[in-house]
Amino acid sequence: MSMERKIPIEERLNSNAWDVDERPHIRIKDPDQCRKCDSKPCLYLCPARCYTPGSNGTVLFSHEGCVECGTCRVVCPNDAIEWNYPRSGYGVQFRFG
Amino acid sequence: MDELTIVVPVKAAVPNITAVRLDPNTHNLVREGVPLMINPYDRNAVELALRIKDRFGGKVITISMAPPNGKDFLESTIGMGVDEGILITDRVFAGADTLATSHAIAKSIAKLYPNFSLIIMGEETTDSTTAHMPAQVASWLEIPFVYYATDAEPNIKDGTVKITRYLEDEGLLEEFIYNMPIIMSVYRNSNPPRDISLNRKIMAKVNGLVKVLTNKELGLNPDCVGLKGSPTIVAKIEDAKPLPRKKQIFQGDPKEGAKWLLENLVKEGVIR
Amino acid sequence: MSIKFDAIIVGAGPAGLTAAQRLASKGLKVLVVERGRKPGSKNVYGGRIYAHVLDKLYPEYVKEAPVERWVRKERISFLTEDSGTTIEFETNNVEHKSFTASLSDFTEWLGKKAEAAGAVIISESPVDSLVVKEGTVVGIRSGNDEVYGDVVISAEGINRLVLERSGLAPKLEPQMVGVGVKEVIKLGRKVINDRFNVDDDEGVAWAIAGFSTHYVPGGAFIYTNKDEITLGLVIYLGHGSKVDVPVYDMVEEFRLHPFINRLIKDGQLLEYSGHLTPIMGLNASPPSLYGNGYLVVGDAAGFLLHGGIIIRGVDFAIESGRVAADAIIKIHEEGGKYDGSSLSLYGNMLEESFVMKELRAFRNAHRALDEPRLYNDYAKFINAFLKRYFDVDGTPRKIFSTFKETKGNLTILDMMRDMTKVVTNL
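Residues numbered from 1 in each chain as written. Chains lettered and ligands numbered in written order. Predicted model: local features only at pLDDT ≥ 70, side-chain atom pairs only at ≥ 80, totals over all residues. Heavy atoms only, no water.

A. View of the interface of chain C and chain B. Between chain C and chain B, the contact holds 22 residues from the first and 16 residues from the second. In total, chain C and chain B occlude about 1500 Å² of area from one another, counting both sides; carbon and sulfur atoms represent 58% of this. Counting across the chain C and chain B interface gives two salt bridges. Glu115 of chain C is the partner of Lys205 of chain B in a salt bridge, and the nearest nitrogen-oxygen pair spans 3.9 Å. The interface formed by chain C and chain B holds seven residue pairs in polar contact (both at pLDDT 80 or more) in total. Counting only elements with at least two residues in the side of chain C that touches chain B, the list comes to strand S2 (30–33), strand S7 (120–122), strand S9 (136–142), strand S10 (145–154) and strand S15 (268–278) of chain C. Partitioning the side of chain C that touches chain B into residue classes produces eleven nonpolar, four polar and seven charged. (Contact = heavy atoms within 4.5 Å. Buried area = accessible area lost by both parts, 1.4 Å probe. Salt bridge = Lys/Arg side-chain N within 4 Å of Asp/Glu carboxyl O. Polar contact = N/O pair within 3.5 Å; in protein donor to acceptor, adjacent residues only side chain to side chain. Helix = DSSP H or I, 4+ residues; strand = E, 2+ residues; numbered from the N terminus. Nonpolar A, V, L, I, M, F, W, Y, C, P; charged D, E, K, R; others polar.)

Structural data, given as structure tokens:
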């Protein structure tokens, strides 16, 4: 993968070692809160683009590419994101940390 | 048969295939910095074994041929509920293809657990995807083999087992009744694995529930294992270049979008 | 089944493993519980470890530890879209002061040390909460399992979910932390030596402010490992609302900046990671660093010195783990109970160590570093000033007139104020 070009985040995440759990470790507690949320910092501050805009102002999430930083939980102004550590060793496995 | 003995062979695999690259000069896999882990589909096999044990009793053993750090994966299976683990590790086993590996696994099981009732394996491995192993182990042990199993109900009294299997393409569920011992591989989308218990993992480590055996203890024919027992030759490996994405975006009415998508997929020959 | 441990440590990072190694080497029964597949597989940092603490605690590290390169050159840059000003410091007299390393590798090595001393490390097990009985922490809970220990050390890292769930720490506020995003790029040893002008085992530590974070408070970094470089940035989440592109695009724009891009030509991405980092030091610590049956070390305790250019987490983590272990050993040897009053020994010993001495000295660092002008106006000004100054075209250009011409919105009063803030707090 040549680095002198834009690399979509999905492709960059693909360079990681993963053991993805089918059961998500992220949950949006109340989608209504997202609809009312103007700033939606999760869309900008999640390093893995786990959060994307849905229709009608909602927020969609995918847990598969989560790098487990916990940013979403901290920046959500409405405390609407439940974020846990993945169970039983699942998730990303950093080799270079 | 007094008690079920279920053996689950597991593999220490490369976690996800995209983490591995080919060296452009040597054509070998670049494995540096890639941690090994249990082959994900083997966890479904362990789960089925544990579900059988939960309902019918008995003992579940996991066995793996791996480098010494393979002990970790076996301890994890004990964390799930497995009773004991066997790690077979020896320099003479190194460089094995599927034939030599299946020989070592089959002969070790025959030696250590001659009265085994069931061998349960993952559908395939995620890092080499040959799905050779279950059939080859069956062949070495001269017992029947059922693939895509989703459930099994052994009858300890008459020594039979009712196996359910799912044929994905046909959408069929089939049931068979066989005499034990038998080997089955587990449909990968069945039997999602349970959590690993902290206390069981502590017990596995503190009480040394994973036994490490070398060929000194096993006494397998050195000509049938490792590089010597491996007829496979890797003639050439090519790196398949990913096709560039077209990145077309449709904006507007979802119904129109679906029509647009269908037309384009037909035009590209993706669907007919 | 129930084995009781003398000490249970939540998290196999540098802090927890150092505590484990020390406790186990004194014969205590120690359990370390780690959520990752192995120690190090969930750890991320920028790229450099200060070695002073290893000289004392792990003197064998020079031969054994997975050191990548010894830092020989320190660079600080102010970057704009089209210009950059760099200060580079280099000396022949640097000997083993700090080194670059993969934190995953380094942590794995610490894990082996702890296991060799007799600690039991169990991975793949996220701890959900602490078991509290009659106001005292008596163990940990993971799934349906409880494990009991005389004392529990929380070394769970920055997110400290376990402490939060047990009511021992409030939820993190955005201004307490920064999000770090990092790319590990393989270049090969010789290419790194050539492009960074270093010898085989010598490395570069580089901090870059300005355009690299789109002028938002935070900073970018580059460290050289043996065969790869680590490149990334940190955004202070208190200023998160100011980012105009997602952070994953921002790190890419930094990588594609012409000055950076030529350094990574023909590189190959090996890993993309993200992690939170404490930026407020003691101001983000849990209300108490110890209490009945528990104590807190490392990132979970806010033990990271963030001085803008110098960022030290691993040495503080290791030292706090050492201090926690020594306090426990002392109480254990005296046959005492681990209640809040006996564990105040940990607090006192921390005050004696560099952990508290340095963190207290830098207690207000974030006040200076939180000033948006540092990342915006000054980065632009210094480049505009030098560009104008070096742009010889026959018109007279003295320093002061160039300064007045290029200072933009900055007033001399601002500059004096900011200078005072930086000098007094850093």
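There is more to say, and it comes next.
B. Quick look at the side chain of His103 of chain B. Residues and elements named next belong to chain B. Residue placement: His103 occurs in helix H3 (residues 98–112). Its relative accessible area of 6% is what places His103 among the buried residues. With near-sequence residues (within four places) excluded, His103 lies in contact with Trp140, Cys224 and Val225. (Buried < 20%, exposed > 50% of the residue type's maximum accessible area, 1.4 Å probe, protein only.)

C. Broad picture of the pattern of salt bridges. Residue and element names in this part refer to chain B. What the rule picks out here adds up to 62 salt bridges over all chains. Across the pair Arg194 and Asp54 runs a salt bridge whose closest N-O atoms are separated by 3.1 Å. Taken together, the positions of Arg194 in the loop between strand S12 (182–186) and helix H5 (198–206) and Asp54 in helix H1 (residues 40–56) put the pair 140 residues apart, joining distant regions of the chain. The exposure class of Arg194 is partly exposed, given its relative accessible area of 26%.

D. Expanded view of the pairing of strand S11 (residues 177–186) of chain C. Residue and element names in this part refer to chain C. Here S11 lies mainly inside the structure; nine of its ten residues are buried. Here S11 pairs with S15 via ten bridges, running antiparallel. Its bridge partner being in S15, Val181 is matched across the sheet by Gly274. Strand direction decides the pairing type here: S11 and strand S14 (residues 228–236), joined by nine bridges, are antiparallel. (Pairing = 2+ DSSP bridges.)

E. Inspection of the domain arrangement of chain C at higher detail. Residue and element names in this part refer to chain C. Structurally, chain C comprises domain 1 (4–66 + 101–170 + 286–352), domain 2 (175–274) and domain 3 (371–425). For domain 2 versus domain 3, the separation of C-alpha centres amounts to 26 Å. Listed as interface residues are nine residues of domain 2 and, on the opposing side, five residues of domain 3. A buried area of about 540 Å², summed over both sides, lies between domain 2 and domain 3, and 70% of it is on carbon and sulfur atoms. Considering only the surface of domain 2 that becomes buried against domain 3, Ala209, Tyr215 and Pro217 emerge as the three largest contributors, covering 64% of it. Our enumeration of links across domain 2 and domain 3 arrives at zero salt bridges. (Domains from an automatic or database assignment.)

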